[in-house]
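Residue strings, one per chain:
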Amino acid sequence: MDEGVAMAGEPGTIGPNDRYVIGIDYGTLSGRAVVVRVSDGAELASATHDYPHAVMDTVLASTGRALPPEWALQVPSDYVEVLKTAVPAAVAAAGIDPAAVIGIGTDFTASTPLPVLADGTPLNELAEYADRPHAYVKLWKHHAAQGQADRINRVAAERNETWLPRYGGLISSEWEFAKGLQLLEEDPGLYERMDHWVEAADWIVWQLTGSYVRNACTAGYKGILQDGEYPSREFLAALNPAFAGFADDKVAHEIGQLGDAAGTLSAQAAAWTGLPAGIAVSVGNVDAHVTAPAAQAVEPGQMLAIMGTSTCHVMNSDVLTEVPGMCGVVDGGIVSGLYGYEAGQSGVGDIFAWYVNNQVPGSYVEAAAQRGIGIHEHLTDLVKDQPVGGHGLVALDWQSGNRSVLVDHELSGVVLGTTLTTRPEEIYRALFEATAFGTRTIVETFNASGVPVTEFIVAGGLKRNPFLMQVYSDVLRMPISIIASEQGPALGSAIHAAVAAGAYPDVLTAGRAMGKVDRAVYVPNTEAADAYDRLYAEYATLHDYFGRGANEVMHRLKAMKREAAAA
Ligand SMILES: Nc1ncnc2c1ncn2[C@@H]1O[C@H](COP(=O)(O)OP(=O)(O)O)[C@@H](O)[C@H]1O
Ligand SMILES: O=C(CO)[C@@H](O)[C@@H](O)COP(=O)(O)O
C-alpha cells in the first residue's frame, strides 16, 4: 500500500488570510488528495492512497474464487480509506491550518456503479452478500455486460428511442444500464434487495455529507438522463419485464448541478478527514469532465484528452448534434450553458502497462534498472529516433475493447507486421501509434459531424512522455497544449469545491483564476506527419475490416474464451 505524499515545487508564502480547498481524484487504482489555494489555484501538497483491493479482475478477494472474463470489481470501503489517510496526509504536508479549508470536491472514474441499501450501505458489506460478485462496485472497465449493451442498442434502434442519437447511436457496456441489466439477469435476488444503483462518484459524496445527490454529469453521460427523462418503462420492459422499474426505482434521484454544493461535511467525515465539519462539499463529478476548467479547456472546439489508464476526450460546443460513436452529449455535462461532448478509448496507458508487464523480456527490465530509469522510459528511449514506419508494424488499440467510435468491447488487439527481427521497443512504439490513430479517428469523426476540434489539450499521467506527445502531435497534425498541473482532475475537483463554497460565482470564472495550461508545447513535424498519414491509412483499413463486420473473428474468439472459462 502506498501513501505517497508530495510537496508542490514552490507553494509560495502561506498567508494568514489564505483560504484552501481540497480536491480528491478517485482513479482506477488510487485516490489522490490535493490542497489548493483558492485565490490562484496553487497546489500546495498532495497525497495518494492506493486501494488495498486494487481492481479485482481475476479473483473475488472475499472468496478467492475466479471471476469470469471481462469482469472488473472494486471494494467501496477502499474509497473511504482515501478520506481517512490521503486527506489528512496532504493537509499535514501542506502545512496549513485545517480551519482555513473552506470546501472539498471529488471526482471519480465512471461509469462505476454499486448496489446499495436506502441508507447507502453497499451490499457487499452485508455478510450474506459478501461472497456475491454482483454485490461489489462494477468498475468502469468491467466489460462483461456487452450482451446486455447489444440488446439495449438493438431494442432502442428498433423502437427509434429519441435518446439513442445523443449517445452516438450506441450505449456502451461500460454504462449504468447495461451493468444494471447484467446484475438483474445474473443475480435477481440481489437486484431485488438493492435500493439504489448509485455511481461511486455520488456514493463518496454521500459518505462526506450524509445525503445522496446524483450528479448531472454521470446521470447524463452514463445514466441516459436526457431532457429530464430516463428511458421509458416500456423500453425497459422490452429488454426484460423485470427491468421495467429500473430507472424509476433504482436509478432516479435528486440531481445536483456541477459546481453546486451537494451538502456540507458531516461530523463523521470531519473526524475521518480532520477538516472542519460544515464546510461545502461539491456535487460529484467524473474525472475527465472535472478536468476541463483545470486545463482552461472549456471554450467550444477545445478538445481535452485526459490520457492515463484510458483516454477520455471531452469538448464543449454551442451546437447540439450527433457524433457517431461518441459516448454522449449532455447539456451542461461539463459546464453549464454549453453542450458537453464525450468520447473515449478504453485502453491507452493500460495497453502500455499490459505490454511492459507481459511481453517485455527480463533483460530489458534489468537494463532499465541499471540505467536507473523506468521500463517505459527505457523502451521509449530505444525507439524514439527510429524513422516513422521503420518498424514495419501497425497495431489496433483494442486490448480493452473499443469505446469510440465503434462502441464494442468484444473487439481485441492486433499487432501486424512482426518478423523474426522485430524488437520489443518497436511493438511498444506501434502501440503508442495505435492509440494516437484511435484518437485521430475520434477527432476526424467530430470534425465531420459539425463540431470541429480547434485545439487539442492533454491532461493525465501520459503527458509525462514527450515522445508520446510528439507522436500525437504528428499523427493529428495539430499542436498539443498541456495542462500545467500534475493533478488535473484533483485540481478540477478543487475548482468545483471553491465554487460550491461561494468563493467564485461559477466554474468558468474559477477555472480562469485557478486553471493552468501551457499552449502548443508540441507542434507537428510535417515530414513525420506525412509518413504517419500512410500508416494511418493502414490502421483505418484494419479498423473497418475487424471493427465493422467484414471479419467477426474477434467476436468468435471472445465467445470461445467464454465457453472455455465456463467449461
Ligand atoms: N513513461 C510512460 N510512457 C507511457 N506510458 C506510461 C509511462 N509511465 C506510465 N505509463 C502508463 O500510464 C498509466 C497511468 O497513468 P495515470 O494517469 O498515472 O493513471 P490513471 O489513469 O489511473 O489516473 C499506466 O497505465 C502506465 O502504463
Ligand atoms: O470513462 C471515464 C469517464 O467517462 C473514465 O472515468 C474512465 O475512462 C477511467 O479513467 P482513467 O483512465 O482511470 O483516468
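Since this is a predicted model, take the numbers as computed values, not measurements.

**Observations regarding the UniProt feature "domain: Carbohydrate kinase FGGY N-terminal" (unreviewed entry) in the protein chain**
Logical step 1: If you check UniProt for "domain: Carbohydrate kinase FGGY N-terminal" (unreviewed entry), the listed places come out as residues 20-291 in our numbering.
Logical step 2: The span residues 20-291 carries 32% helix and 20% strand; its end-to-end C-alpha distance comes to 18 Å.

**Topic: the domain arrangement of the protein chain**
Logical step 1: Partitioning the protein chain into structural domains gives domain 1 (5-282) and domain 2 (370-441 + 526-566).
Logical step 2: Taken over C-alpha atoms, the centre of domain 1 sits 31 Å from the centre of domain 2.
Logical step 3: Each partner contributes to the interface: domain 1 provides 11 residues, whereas domain 2 provides 11 residues.
Logical step 4: For the domain 1 and domain 2 pair, buried surface summed over both sides reaches about 940 Å², with 57% attributable to carbon and sulfur atoms.
Logical step 5: If you sort the residues of domain 1 by the area they bury against domain 2, P69, E70 and Q146 come out on top, with a joint share of 46%.
Logical step 6: Linking E174 and R403 is a salt bridge whose minimum nitrogen-to-oxygen distance equals 2.7 Å.
Logical step 7: Counting across the domain 1 and domain 2 interface gives 6 residue pairs in polar contact (both at pLDDT 80 or more).
Logical step 8: Across the side of domain 1 that touches domain 2, the residue classes break down as 5 nonpolar, 4 polar and 2 charged.

**Points about the site of ligand 1**
Logical step 1: Lining the immediate environment of ligand 1, one finds 15 residues, of which T309, G349, G461, R464 and N465 sit closest.
Logical step 2: Note that an oxygen atom of ligand 1 is positioned 3.4 Å from one of the side-chain N or O atoms of H376.
Logical step 3: Contact distances for ligand 1 include 2.9 Å between an oxygen atom and a backbone N or O atom of G461.
Logical step 4: About the coverage of ligand 1: the protein hides 81% of its 590 Å² of free accessible area.
Logical step 5: When contributions to the shell around ligand 1 are tallied by element, the ones reaching two or more residues are α11 (349-358), α13 (375-383) and α14 (424-448).
Logical step 6: Sort the elements by how many residues they give to the shell around ligand 1 and α11 lands first, with 4 residues.
Logical step 7: Taken together, the residues that form the shell around ligand 1 break down as 5 nonpolar, 6 polar and 4 charged.

**So, the packing of helix α1 (residues 76-94) against helix α5 (residues 200-209)**
Logical step 1: Two elements in contact, α1 and α5, have axes whose closest approach is 11 Å; the angle formed by their N-to-C orientations is 50 degrees. In terms of orientation, α1 lies oblique with respect to α5. The hand of the α1/α5 crossing is right-handed. Counting all contacts with α1, which are made through P76, Y79, V80 and L83, the residues of α5 involved are A200, W203, I204, Q207 and L208.
Logical step 2: Classifying every residue of the contact of α1 with α5 gives 8 nonpolar, 1 polar and no charged.

What counts as what
- Residues numbered from 1 in each chain as written.
- Chains lettered and ligands numbered in written order.
- Predicted model: local features only at pLDDT ≥ 70, side-chain atom pairs only at ≥ 80, totals over all residues.
- Heavy atoms only, no water.
- UniProt positions renumbered as here; feature names shortened; annotations may be inferred.
- Helix = DSSP H or I, 4+ residues; strand = E, 2+ residues; numbered from the N terminus.
- Domains from an automatic or database assignment.
- Contact = heavy atoms within 4.5 Å.
- Buried area = accessible area lost by both parts, 1.4 Å probe.
- Salt bridge = Lys/Arg side-chain N within 4 Å of Asp/Glu carboxyl O.
- Polar contact = N/O pair within 3.5 Å; in protein donor to acceptor, adjacent residues only side chain to side chain.
- Nonpolar A, V, L, I, M, F, W, Y, C, P; charged D, E, K, R; others polar.
- Near = heavy atom within 4 Å.
- Areas by Shrake-Rupley, 256 points an atom, 1.4 Å probe, with all protein chains shown as cover.
- Axes fitted to C-alpha atoms, helices over the stretch in contact; angles between N-to-C directions.
- Parallel < 35°, antiparallel > 145°, perpendicular 65-115°, else oblique.
- Left-handed = near helix turned anticlockwise from the far one by under 90°.

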